[in-house]
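Observations on chain architecture
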Amino acid sequence: MTRERKQPLFVGGAWVEPEGGHYEVVDPATERLVGWAPEASRDQVYAACAAAREAFGTWSRTAPEERAAILARAAELIRSRFVEYAELAQAETGATTGTARAMQVGVAAARFQRYARVEPAEWAIPPQINEAGPMGKAGVMGALAVRQPVGVVTCITSYNNPWANPSGKIAPALAMGNTVVVKPAPQDPLSVFRMAEALEAAGVPRGVVNVVSGRSVEVGEAAVDSPDVDMVSFTGSTAVGQRIGEVCGRGMKRQLMELGGKGAAVVFEDADIASAVSGIGTTFSFYSGQICTAPTRVLVQRGVYQQLVDGLAAYAGYLKVGDPREADTVVGPVISAEHRERVESYVELGRKEGAVVVAGGERPSYDRGFYVAPTLLADCTSGMRVVREEIFGPVVSVVPFDDEEEGIALANDSDYGLIDYVWSGDVARAFRVARRLRAGGVGVNTVGRNMEAPFGGFKKSGVGRDVGSYALHAYSEVQSIVWPG
């Protein structure tokens, strides 16, 4: 896609001009124009939802094997343009080359391939002998549980990963027989339109996939409040998720919410400190800290507190911040000038609250680009806003604790509960602590993920679970069919 091309919307199987015109998509590393994204009108969003509703009947009755074949072809088409798509993702997000290729486009292709396999959608339930009932003194009742598609699903996706996040919604939703309306983040929607092109080329019928974008709040509002929408799958901030939840509640619409996080990393005195430093240090580099699963709230037992702080400070100092296209760059920019100012304001707030800036804290000296230095805040307390609020940048706050009970209490003292982490050489203790943490996931001596494990949050970090087979459950309703034996 050339910078001069003005991207149309994808509605009802047609590429249509946006009624709201176009707006600039800017490269956060260079501040140069990437392309022109479409601004949909409210009526065009409603038209997309109506097209998805019209397509639902036929698509939901399509054989699962046929749907799977389309997803497999989409995966292959994405892989065939891998470098081109990764370059676009990098330009839109500021991701490093390795991240754009492996964690954005690569993960998207893998997710379409994952849901290209057909899984059972029916389960036999053991017969039940009824002592008495409306049909007589006794009866044997058989039953079957059947997983059915929900209907029209609105997928509202996050800016930090315009390939992996949408594919993680679209692929399982389509595999289950739903139709979708995708509303990508306004900062980097062009990649999602490339995904739509791949799905169209793979043979997705008209109206099954629709993509509408825009900076106006009413674009997202229309995609949620349309009477044609049965479910909303949202990844983003808790504040926006709460507003979406209110609308869904009025319409009794299904919700899947993956919201904010303030991941606690509980590091005990017997931990492998090098492993903990390496894992926590990913917050500084991976997506420049713009990831909800990052271990940004580090709780360290006092006996190794200084050792860990020194290790993290050294780690931050080793990381090259700069042009994400250069091979040795580890930390690219954040998504926008506004977000950079927000992250910097939190660092300044930390200073005022009494935290010690051990590393970073100053803006890198580049003429262009929205760069934030990896920043380590030490000597923090649990009441500080930098410890309690999601910053969504390369900023780590460190809090000391004395014993296991205090460490658990500090970890659970949060509005969030997405993913926490435990580092300990005592595996029994690590698993004991993990079970007491109020989080949807816990990493034990790792920040790695099992991509078949359920993903989602406790508390204000979300509603529901997806990934692997759990996503098929998330995008389905369960129907019971009962008969006399």
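The structure this text deals with has already been given above.
Every chain is numbered on its own, with residues counted from 1 as its sequence reads. Only residues with pLDDT of 70 or above have their local features reported here, since the model is predicted, and side-chain atom pairs are shown and tallied only from 80 upward, although totals for entire chains, interfaces and linings are computed over all residues. Side-chain measures were taken over the full set of non-hydrogen atoms in the model, leaving aside hydrogen atoms and water.

Notes on the environment of Pro324
Note on placement: Pro324 falls in the loop between α10 (305-318) and α11 (337-353). Beyond its immediate chain neighbours, meaning those up to four positions away, Pro324 contacts Ala29, Gln90, Gly94, Ala95, Thr96, Thr97, Thr329, Pro333 and Tyr371. Each helix is a run of H or I in the DSSP string that is no shorter than four residues. Each strand is a run of E no shorter than two, and both are numbered from the N terminus. Throughout, a residue-residue contact means that at least one pair of heavy atoms, one from each residue, lies within 4.5 Å.

Side note on the pairing of strand β3 (residues 22-26)
Strands were regarded as paired on the criterion that DSSP finds at least two bridges between them. Pairing between β3 and strand β4 (residues 33-38): 5 bridges, direction antiparallel. When the bridges of β4 are listed, Val25 appears paired with Gly35. Following β3, the chain reverses through 6 residues before pairing antiparallel with β4; Glu31 in that reversal takes a positive phi of roughly 65°.

Structural notes on the packing of aromatic side chains
In summary, the pairing rule links any two rings of Phe, Tyr or Trp, Trp by its six-membered ring, whose centres are within 6.5 Å, and it sorts them by plane angle into stacked for under 30 degrees, edge-to-face for over 60 and tilted for everything else. The full count for this structure, using the stated rule, is 8 aromatic pairs. Members of the aromatic cluster, each reached through a chain of ring pairs, are Phe10, Trp15 and Phe193. Lysine and arginine charges are scored as sitting over a ring when NZ or CZ, respectively, is within 6 Å of the ring centre and within 35 degrees of the ring normal. Positioned above the aromatic ring of Trp36 is the side chain of Lys6, whose terminal nitrogen or guanidinium carbon lies 5.3 Å from the ring centre.

Here we look at the side chain of Arg111
Secondary-structure assignment places Arg111 in helix α4 (residues 97-114). No salt bridge forms around the buried Arg111; measuring N to O, its nearest opposite-charge neighbour Asp466 is 7.1 Å away. Contacts of Arg111, omitting those with residues within four sequence positions, involve Ala164, Asn165, Ser167, Gly168, Ala171 and Met451. Only protein chains enter the accessibility calculation, which uses a 1.4 Å probe; a residue is then buried when its area is under 20% of its type maximum, exposed when over 50%, and partly exposed in between. Residues scored as positive are Lys and Arg, those scored as negative are Asp and Glu, and His as well as the terminal groups of each chain are ignored. A pair is scored as a salt bridge if a Lys or Arg side-chain nitrogen falls within 4 Å of a carboxyl oxygen belonging to Asp or Glu.

Thoughts on the sheet that holds strand β22 (residues 476-484)
The strand order β5-β6-β22 describes an open sheet built from 3 strands, whose pairing is antiparallel. Because the sheet does not close on itself, it has two edges, and the strands there are β5 (122-130) and β22. The mean inter-strand angle of the sheet, taken between neighbouring strand axes irrespective of direction, is 25°. Note that β5 and strand β6 (residues 139-149) share 7 bridges and pair antiparallel. In the strand pairing of β6, Asn130 is matched with Gly139. Axes here refer to lines fitted to C-alpha atoms; in helices the fit is confined to the stretch in contact. Angles between the N-to-C directions go from 0 to 180 degrees.

Some thoughts on the environment of Glu258
Along the chain, Glu258 turns up in strand β11 (residues 254-258). Taking the C-alpha atoms as reference points, Glu258 and Asp420, 162 residues apart in sequence, are found 15 Å from one another. With residues near it in sequence (within four places) discarded, Glu258 still touches Phe234, Thr235, Gly236, Cys292, Leu418, Phe455 and Ser461.

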